[in-house]
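# Coordinate inspection notes
One letter stands for each residue in the lines below.
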Amino acid sequence: MAVGGTSSWSSLRVPAGQTLYTAQYEVEAYVCRLGISERLGAYFAMDAVPSWVVARFVPESFAAGTADEQWYPFLRVIPMGWSWAMWFAQQVHREAHVRAGVALDRILIDGRPAPLLTSSEPIAMPYCDNGNIIGTAKEQVEKTVEAVMAELRAMRLKLQDVTGAVAATESLGVFVDGTAGIVRPTWRRLSKVVAACEYMSRRPKVTSKQVERLVGHITYIALLHRPLLSLLNYVYGFIRRG
């Protein structure tokens, strides 16, 4: 799935003497606000309920002459646990950017070369319910984020944690210093991982699942500097052996 994440931040190259600005927002209860058709919703139906339940709690849905029927409630929004939920959420978010005038080649995606910041045209990094508009021209960043948020509101999505274009910010567990040109894990995230690694250094008795969970957090941080991933080579052997 084409998304931007941790490593996307470290792939950015800011021209010398310029400052990187980031404007952010978050879509409130995002996945739960994405409606689906009745045809698709039928795949996420619950067990049958008797008619008296419908008549009591949803009287406007109850019709005369249906007293002996079974009713099957189903979801009208994307279920959080569905394996395709993230894909649909990302597609909708990306579509809002396209409608706002953001070119597809200006959307930051992991595993692809980052768009250049040599022009005033901003870069976008939508990630599920989180949005980042990035660029070296502060006014253009703010103009673009307003256009994207307008499209999201037109889709009847509510926004929260909106920030204007700033030089220092946190996003997806990463601290971005646009003045110094530095990206690093947030101290909160890093301190927890360091504390867990210090505990592991005492060689306690742990399961492979516990180690796997810690390795996941380490991997997230190491993606900012991919050569660090080589440190985990022998750990994966222990995890695979269970």
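Residues numbered from 1 in each chain as written. Predicted model: local features only at pLDDT ≥ 70, side-chain atom pairs only at ≥ 80, totals over all residues. Heavy atoms only, no water.

## So, the pairing of strand β7 (residues 168–171)
Heads up, the rule is: Remark: exposure states derive from per-residue accessible area (1.4 Å probe, protein chains only) relative to the maximum for the residue type, with buried under 20%, exposed over 50%, and partly exposed in between. A run of DSSP states H or I qualifies as a helix once it reaches four residues; a run of E qualifies as a strand once it reaches two. Both are numbered from the N-terminal end. Pairing between strands is defined by DSSP: at least two bridges between the two strands are required.
Where burial is concerned, the two faces of β7 differ: the one with Thr169 and Ser171 is buried and the one with Ala168 and Glu170 is not. With 4 bridges connecting them, β7 and strand β8 (residues 174–177) associate as antiparallel partners. The residue bridging Glu170 from the neighbouring strand is Phe175, located in β8. As consecutive antiparallel partners, β7 and β8 are separated by 2 residues, and within that stretch Leu172 has a phi angle of approximately 55°, a positive value.

## Some thoughts on a nonpolar patch on the surface
For the record, the criterion: Each patch is built from residues that are more than 30% exposed by relative accessible area and take part in no salt bridge. Like charges join if they lie within 9 Å; nonpolar side chains (Val, Leu, Ile, Met, Phe, Trp, Tyr) join within 5 Å. Each accessible area value is a Shrake-Rupley result obtained with a 1.4 Å probe; residue values ignore everything except the protein chains displayed when judging cover. Basic side-chain nitrogens of Lys or Arg form a salt bridge, by our definition, when they fall within 4 Å of a carboxyl oxygen of Asp or Glu.
Residues Trp52, Phe57 and Val58 make up a contiguous nonpolar surface patch of roughly 340 Å² in combined accessible area. With respect to the helices, strands and loops of the structure, Val58 is situated in the loop between α3 (51–57) and β3 (70–71). The class of Val58 is partly exposed, set by a relative accessible area of 32%.

## Quick look at the environment of Val211
We apply this condition: Whether two residues are in contact is decided by their heavy atoms: any pair within 4.5 Å suffices.
For Val211, the position within the fold is in helix α7 (residues 208–222). Its relative accessible area of 11% is what places Val211 among the buried residues. Discounting residues that sit within four places of it in the chain, Val211 has contacts with Met200, Val206, Val235, Phe238 and Ile239.

## Quick word on the packing of α7 against helix α8 (residues 233–241)
For clarity, the cut-off: Axis definition: a line fit to C-alpha positions, over the contact stretch in the case of helices; interaxial angles, taken between N-to-C directions, run 0 to 180 degrees. Less than a right angle of anticlockwise turn of the near helix away from the far helix marks a crossing as left-handed, whereas a clockwise turn marks it as right-handed. Any residue outside Ala, Val, Leu, Ile, Met, Phe, Trp, Tyr, Cys, Pro, Asp, Glu, Lys and Arg is labelled polar, Gly included; the first ten of those are nonpolar and the last four are charged.
Packing of α7 against α8 leaves a shortest axis separation of 9 Å and a crossing angle of 145°. Between α7 and α8 lies a crossing whose hand is left-handed. Contacts between α7 and α8 pair Ser208, Val211, Glu212, Val215 and Thr219 from the former with Val235, Tyr236, Phe238 and Ile239 from the latter. Its residues assigned to classes, the contact of α7 with α8 shows 6 nonpolar, 2 polar and 1 charged.

## Notes on the nonpolar core
We apply this condition: Throughout, nonpolar core names a set of buried Ala, Val, Leu, Ile, Met, Phe, Trp, Tyr and Cys residues whose side chains join them through atoms within 4.5 Å.
Counting residues in hydrophobic clusters, the biggest one holds 26 residues, and the most contacted among them are Tyr25, Val27, Tyr30 and Leu152. Secondary-structure elements contributing two or more residues to this core are β1 (21–27), α4 (85–99), α5 (138–154) and β6 (159–166). In terms of residues, this core owes the most to one element, α5, which gives 5 residues. Core analysis: the next-biggest nonpolar cluster, separate from the first, contains 12 residues, Leu12, Leu20, Ala114 and Leu224 among them.

## Details of the packing of aromatic side chains
Formally: Stacked, tilted and edge-to-face pairs are distinguished by plane angle, under 30 degrees for stacked and over 60 for edge-to-face with tilted covering the rest, among Phe, Tyr and Trp rings (Trp via its six-membered ring) whose centres lie within 6.5 Å.
Throughout the structure, instances matching the rule amount to 4 aromatic pairs. Measuring from centroid to centroid gives 5.1 Å for Phe44 and Trp82, while their planes differ by 70°, and the two rings are edge-to-face. One end of the pair, Phe44, is in the loop between α2 (38–41) and β2 (49–50); the other, Trp82, is in the loop between β3 and α4, with 38 residues separating them in the sequence. Seen in terms of ring centroids, Trp84 and Trp87 are 5.5 Å apart; in terms of plane orientation they differ by 75°. Their pairing is edge-to-face. Grouped by ring-pair contacts, the aromatic residues Phe44, Trp82, Trp84, Trp87 and Phe88 constitute a single cluster.

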